[in-house]
Amino acid sequence: MTSPDSLPSAADGSTADDSAADASARGPATAPPPALLLVEDEALLSNTLCSVFSAEGLAVTHLADGAAALACLSTHRDHGFALIVLDLNLPGASGLEILAALRQHDRQTPVLILTARGAIEDRVRGLDLGADDYLAKPFVLDELEARVRALLRRHVTLQASQQASQQPAPSPGIAPRLTLGSLAFEPLNARFLIADSPLALPPREQRLLGCLIQHAGEPVDKARLTREAFGEEEAVGDNAIEVYVHRLRKRLEGSDVNLRTIRGLGYLLEQTTDGSA
């Protein structure tokens, strides 16, 4: 323990200015590592993931109980985490319950859900509730690390853009109605019609289709699609984009509009000539 006699004083020439100069000479303080919350009840898997994430330079908090995670995330957005990795099958409260509660007040913190390989309904439900990406068990650690890095990069970019300007850039004039075959989009009403009948879409699918119809007739790569449809508020993973595209294709079946994948270029929204997408 340091004694009072050993503390610097004006008598031995040490001053606050000297301390400040020393600190300046040492350079700027190092930013704290990004904080990651892992909610996983399998002991062996969680121990492995904690080691992997720590080796990536992340500050990891692990919770094995769903009720504890729900209490941590459901009441306020100042939880301090840059990313949440969330298992869906948990004791105390399910991952879907936790996700739904989080998204009531926090739409920005990226969430990567871990699911059983056959639980397609859970994946879709998780994406609809606002998850940004998913990974099915069993998974390869390299892929998990890559997805975590991608979500963190997008989150940092989002925060930087928000800090740079609190006011959105002026938008160009909004067309009152965009059409492609029997598909119509009314941006002012945020409404899609197909053959003059309303096409009900979840919010994320609506934003995705809105971006695609604005670029109708040209392929839009995944990075641009993600940036233009979601970049201002969410970090959306590649798996999620693929799910939304698949679901949009299903919704457009039987119409004269098709959503096609062009390898190496992206997704193309186009009108078909025979009316069978």
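Here the structure is a predicted model, which is why all the values come from computation and not from measurement.

## Details of the environment of Pro 34
Next, step 1: Position of Pro 34 relative to the elements: it lies in the loop between helix 1 (16–25) and strand 1 (35–39).
Next, step 2: For the pair Pro 34 and Leu 152, spaced 118 residues apart in sequence, the C-alpha separation works out to 8.4 Å.

## Considering the pairing of strand 10 (residues 257–262)
Next, step 1: Strand direction decides the pairing type here: strand 10 and strand 11 (residues 266–271), joined by six bridges, are antiparallel. Residue pairing across strands places Asn 258 opposite Glu 270, the latter belonging to strand 11.
Next, step 2: Where strand 10 hands over to strand 11, the hairpin turn is made up of three residues, of which Gly 264 adopts a positive phi near 85°.

## Digging into the confidence of the model for the protein chain
Next, step 1: The predicted model of the protein chain averages 80 in pLDDT, with 77% of residues at 70 or higher.
Next, step 2: This model gives residues 1–17 a pLDDT under 50, and the stretch forms four contacts once residues within four places in sequence are excluded.
Next, step 3: Under a pLDDT of 50 for its full length, residues 164–171 has, in the predicted model, zero contacts with residues more than four places off or in other chains.

## Thoughts on the packing of helix 3 (residues 66–73) against helix 4 (residues 95–103)
Packed helix pairs are characterised by how far apart their axes lie and by the angle those axes make with each other.
Next, step 1: The geometry of helix 3 relative to helix 4 is characterised by a closest axis approach of 9 Å and an angle of 5° between their N-to-C directions. In terms of their interaxial angle, helix 3 and helix 4 are classed as roughly parallel. Facing Gly 66, Ala 69, Leu 70 and Leu 73 of helix 3, the residues of helix 4 in contact are Glu 97, Ile 98, Ala 101 and Leu 102.
Next, step 2: Residues that form the contact of helix 3 with helix 4 fall into these classes: six nonpolar, one polar and one charged.

## Looking at the sheet that holds strand 5 (residues 133–137)
Across a sheet, paired strands are connected by hydrogen bonds in the backbone, their directions being either parallel or antiparallel.
Next, step 1: Reading across from one edge, 2-1-3-4-5 is the order of the five strands in this open sheet, with parallel pairing throughout. Each having just a single partner strand, strand 2 (59–63) and strand 5 make up the two edges of the open sheet. Here the strands of the sheet are splayed against their neighbours by 20° on average, with no regard to which way each runs.
Next, step 2: Relative to strand 2, strand 1 runs parallel, the two being bridged by five bridges. Across the sheet, Leu 36 pairs through a bridge with Val 60, a residue of strand 2.
Next, step 3: Of the strands in this sheet, strand 3 (83–87) and strand 4 (111–116) touch helix 4, which is tilted by about 150° from strand 3.

## So, the pattern of salt bridges
Next, step 1: Evaluation of the coordinates by the stated rule reveals 18 salt bridges.
Next, step 2: Across the salt bridge formed by Asp 87 and Lys 137, the nearest N and O atoms sit 3.3 Å from each other. With Asp 87 in strand 3 and Lys 137 in strand 5, this pair connects stretches of sequence that are 50 residues apart. Both residues of the pair, Asp 87 and Lys 137, count as buried.
Next, step 3: Notably, a salt bridge pairs Arg 103 with Asp 132, separated by 3.0 Å at the nearest N-O pair. Remark: Asp 132 occurs in the loop between helix 5 (120–129) and strand 5 and Arg 103 occurs in helix 4; sequence separation between them is 29 residues. As far as burial versus exposure is concerned, Arg 103 and Asp 132 are alike and both buried.
Next, step 4: Sharing partners across several salt bridges, the network here consists of Glu 40, Glu 42, Asp 87 and Lys 137.

The rules behind these values
Residues numbered from 1 in each chain as written. Predicted model: local features only at pLDDT ≥ 70, side-chain atom pairs only at ≥ 80, totals over all residues. Heavy atoms only, no water. Helix = DSSP H or I, 4+ residues; strand = E, 2+ residues; numbered from the N terminus. Pairing = 2+ DSSP bridges. pLDDT = per-residue confidence, 0-100. Contact = heavy atoms within 4.5 Å. Axes fitted to C-alpha atoms, helices over the stretch in contact; angles between N-to-C directions. Parallel < 35°, antiparallel > 145°, perpendicular 65-115°, else oblique. Nonpolar A, V, L, I, M, F, W, Y, C, P; charged D, E, K, R; others polar. Salt bridge = Lys/Arg side-chain N within 4 Å of Asp/Glu carboxyl O. Buried < 20%, exposed > 50% of the residue type's maximum accessible area, 1.4 Å probe, protein only.

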